Amino acid sequence: MKILGIETSCDETAAAVCIDGEIISTKLSSQEIHNKFGGVIPELASREHEKVINLIVHKVIEESNISLNSLDGIAVTQGPGLSGALITGCSFSKGLALGLGIPIIGINHLEAHIFANFLADPSLSFPFVCLLVSGGHTQIWNIINFGSYELLGETRDDAAGEAFDKGARILGLGYPGGPEIEKLAKNGDYKSINFPRALLEKNNLEFSFSGLKTSLLYYVDKNKNAKTENIAASYQYAIIDVLVQKLKLAVDITGSKTCVIAGGVAANKFLRRHVEKVISNKKIVFPDLSYCTDNAAMIAFLGEKYLKKGKKSNFNFSILPNMRIA
Ligand code: KG4
Ligand code: ZN
């Protein structure tokens, strides 16, 4: 099947073409307008999507050497995400699919993040445990089969990506904060400051990162001359140490032979090395770096799986800003 994927849940306008499980073309336009605000401004995000979506779609169609008329379906992010941003992508996709007379499927962005791991490793097989770490979510899933997922634990407050973004803001770094902290941390000693780790008691698969952010704020206030590289490295380690300890616990509890990491924070190289060190006796899969953060390849890929099974959305489907994985 020839599927066009469209993603506009936050600040990336993205399109991709997937043909029979293979990504033929993928493009994205990152909205730099938000950088100066230290976070995404929803109203601006919608307007930026509207400006470029048509161009991005036409670029992937052209690069794929196919015509719009030959598409078999369109997959679009239905949620979770910013309302206005989702509406832009969904309205565009509905119009295009109606005009072409082809089916449309609304896709859960989080489920698509998990499935990006099949693009990295086509031999990946069910069941597996997934640590899903993005800007808005931190969850551990037992992925039993296609469409059968069990939530093992999630954050009570901030997501891991949010902890990176808020930490970066406290340290006077840019947005998104994850890559900024990672860059600075490379030249720091990650064991120099012992930031708190929450909820580490036995058998607990929940997370909490709001206290960590507060303790960073106090530390920076009281230690004006501390080396920023050491602070960044220790702060990053405090987040990653908890993520990996919980992932290991989930793997032990489920007896799973495979674990995968998904979402924007999966791009962090320190996290990748630490997972491989701590969970050394299991198969570990990470998406390619470009498929960790938001992209349309994962939307097109998952969309094709659903459309192949005959599943499609009604044209009156609504966006779901708080969509959860069923
Ligand atoms: O999945 P994603 O692109 O968007 C959401 O669905 O939320 O994730 C974005 C999050 C941001 O919080 C960003 O700071 C974080 O992923 N992130 C990173 C890295 N690259 C992106 N966090 C740590 N290290 C990175 N290299
Ligand atoms: Zn995402």
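What you see is a predicted model; the values in this text were computed from it and never measured.

**Student:** Can you lay out the overall build of the chain for me, pointing to particular residues and giving the numbers?
**Tutor:** Across its full length, the chain carries nine helices and 10 strands. Judged by the C-alpha coordinates and their principal axes, the chain covers about 60 × 45 × 30 Å. Only carbon and sulfur atoms are counted for the fraction: they give 50% of the accessible area of the chain, which is about 14,100 Å².

**Student:** Account for the domain arrangement of the chain, with residues named and values stated.
**Tutor:** One can read the domain layout of the chain as domain 1 (2-112 + 292-308) and domain 2 (125-287). Taken together, the contact pairs 13 residues of domain 1 with 14 residues of domain 2. Summed over both partners, the interface of domain 1 with domain 2 comes to about 1,000 Å²; 69% of that surface belongs to carbon and sulfur atoms. At the boundary of domain 1 with domain 2, the tally comes to zero salt bridges.

**Student:** Just give me the short version of the pairing of strand β9 (residues 258-262), but keep the residues and values in it.
**Tutor:** Along a regular strand, successive side chains alternate from one face of the sheet to the other. Within β9, five of the five residues are buried, which leaves it mostly tucked inside the rest of the structure. Judged from the four bridges that link them, strand β6 (residues 128-133) and β9 form a sheet pairing that is parallel. By the bridge assignment for β9, Val129 is matched with Cys259. Relative to strand β10 (residues 283-285), β9 runs parallel, the two sharing three bridges.

**Student:** Describe the coordination of the zinc ion (ligand 2), with residues and values.
**Tutor:** At the metal site, the zinc ion (ligand 2) is ligated by His109 (NE2), His113 (NE2) and Asp294 (OD), and these contacts range over 2.0 to 2.1 Å. Between consecutive donor residues of the zinc ion (ligand 2), the sequence gaps follow H-x3-H-x180-D. With a gap of four residues between them, His109 and His113 both fall in helix α3 (residues 109-120), about one helical turn apart. Judged by relative accessible area, which is 1%, His113 ranks as buried.

**Student:** Provide a residue-level description of the site of ligand 1, including the pertinent values.
**Tutor:** His113, Gly135, Asp165, Glu182 and Asn268 are the nearest of the 20 residues found near ligand 1. Taking His113, its side chain carries an N or O atom lying 3.0 Å from an oxygen atom of ligand 1. Between Asp294 and ligand 1, the recorded distance is 3.1 Å, taken from a backbone N or O atom to an oxygen atom. Sorting elements by how many residues they give to the shell around ligand 1 places helix α5 (residues 177-185) first, with four residues. Class assignment for the residues of the shell around ligand 1 results in five nonpolar, 12 polar and three charged.

**Student:** Quick one: what's the story with the side chain of Asn295, residue by residue and with numbers?
**Tutor:** Along the chain, Asn295 falls in the loop between β10 and α9 (297-308). Within the structure, the side chain of Asn295 is placed 3.4 Å from the backbone oxygen of Tyr291, a separation counted as a polar contact. A polar contact of 2.9 Å, which involves the side chain of Asn295, links it to the backbone oxygen of Thr293.

**Student:** Report on the pattern of salt bridges, specifying residues and quantitative values.
**Tutor:** A full pass over the atoms with the stated rule returns 14 salt bridges. Arg47 is paired through a salt bridge with Glu43; the nearest N and O atoms lie 2.7 Å apart. Placement of the pair is Arg47 and Glu43 together in helix α1 (residues 42-63), with a separation of four residues, close to one helical turn. Its relative accessible area of 48% is what places Glu43 among the partly exposed residues. With a closest N to O distance of 2.9 Å, Lys51 and Glu48 form a salt bridge. Of this pair, Lys51 and Glu48 both sit in helix α1, separated by three residues, roughly a single helical turn. Salt bridges linked by common partners bring Asp158, Glu162, Lys166 and Lys213 together as one network.

**Student:** Which residues make up the sheet that holds strand β2 (residues 12-19), and what values go with them?
**Tutor:** Strand order in this open sheet of five strands is β3-β2-β1-β4-β5, and the pairing throughout is mixed. Strands at the two margins of the open sheet, each flanked by one partner only, are β3 (22-30) and β5 (104-108). Strand-to-strand twist of the sheet, defined as the mean angle between neighbouring strand axes without regard to direction, takes the value 20°. By the bridge criterion, five bridges tie strand β4 (residues 73-79) to β5 in an arrangement that is parallel. Of the residues in β5, the one forming a bridge with Ile74 is Ile104. Across the sheet, helix α2 (residues 83-100) is in contact with β1 (2-7), β4 and β5; its angle to β4 comes to roughly 160°. Across the sheet, α3 touches β1, β3, β4 and β5, and the angle it forms with β5 is around 90°.

**Student:** Quick rundown of the nonpolar core? Include the residues and the values.
**Tutor:** Grouped together as the largest cluster of nonpolar side chains are 44 residues, with contacts concentrated most on Phe209, Ile239, Leu243, Leu247, Ile261 and Val275. Looking at this core element by element, the count peaks at 14 residues for helix α7 (residues 228-254). Leaving out residues up to four positions away in the same chain, Leu247 has contacts with Val129, Leu131, Ile140, Cys259, Ile261, Val275 and Ile279. Ile107, Trp141, Tyr291 and Ala296 belong to the second-largest nonpolar core, a separate cluster that totals 36 residues.

Cut-off values and rules
Residues numbered from 1 in each chain as written. Chains lettered and ligands numbered in written order. Predicted model: local features only at pLDDT ≥ 70, side-chain atom pairs only at ≥ 80, totals over all residues. Heavy atoms only, no water. Helix = DSSP H or I, 4+ residues; strand = E, 2+ residues; numbered from the N terminus. Areas by Shrake-Rupley, 256 points an atom, 1.4 Å probe, with all protein chains shown as cover. Domains from an automatic or database assignment. Contact = heavy atoms within 4.5 Å. Buried area = accessible area lost by both parts, 1.4 Å probe. Salt bridge = Lys/Arg side-chain N within 4 Å of Asp/Glu carboxyl O. Buried < 20%, exposed > 50% of the residue type's maximum accessible area, 1.4 Å probe, protein only. Pairing = 2+ DSSP bridges. Donors = N, O, S within 2.8 Å, 3.2 Å for Na, K, Ca; no water. Near = heavy atom within 4 Å. Polar contact = N/O pair within 3.5 Å; in protein donor to acceptor, adjacent residues only side chain to side chain. Nonpolar A, V, L, I, M, F, W, Y, C, P; charged D, E, K, R; others polar. Axes fitted to C-alpha atoms, helices over the stretch in contact; angles between N-to-C directions. Core = buried A, V, L, I, M, F, W, Y, C linked by side-chain atoms within 4.5 Å.

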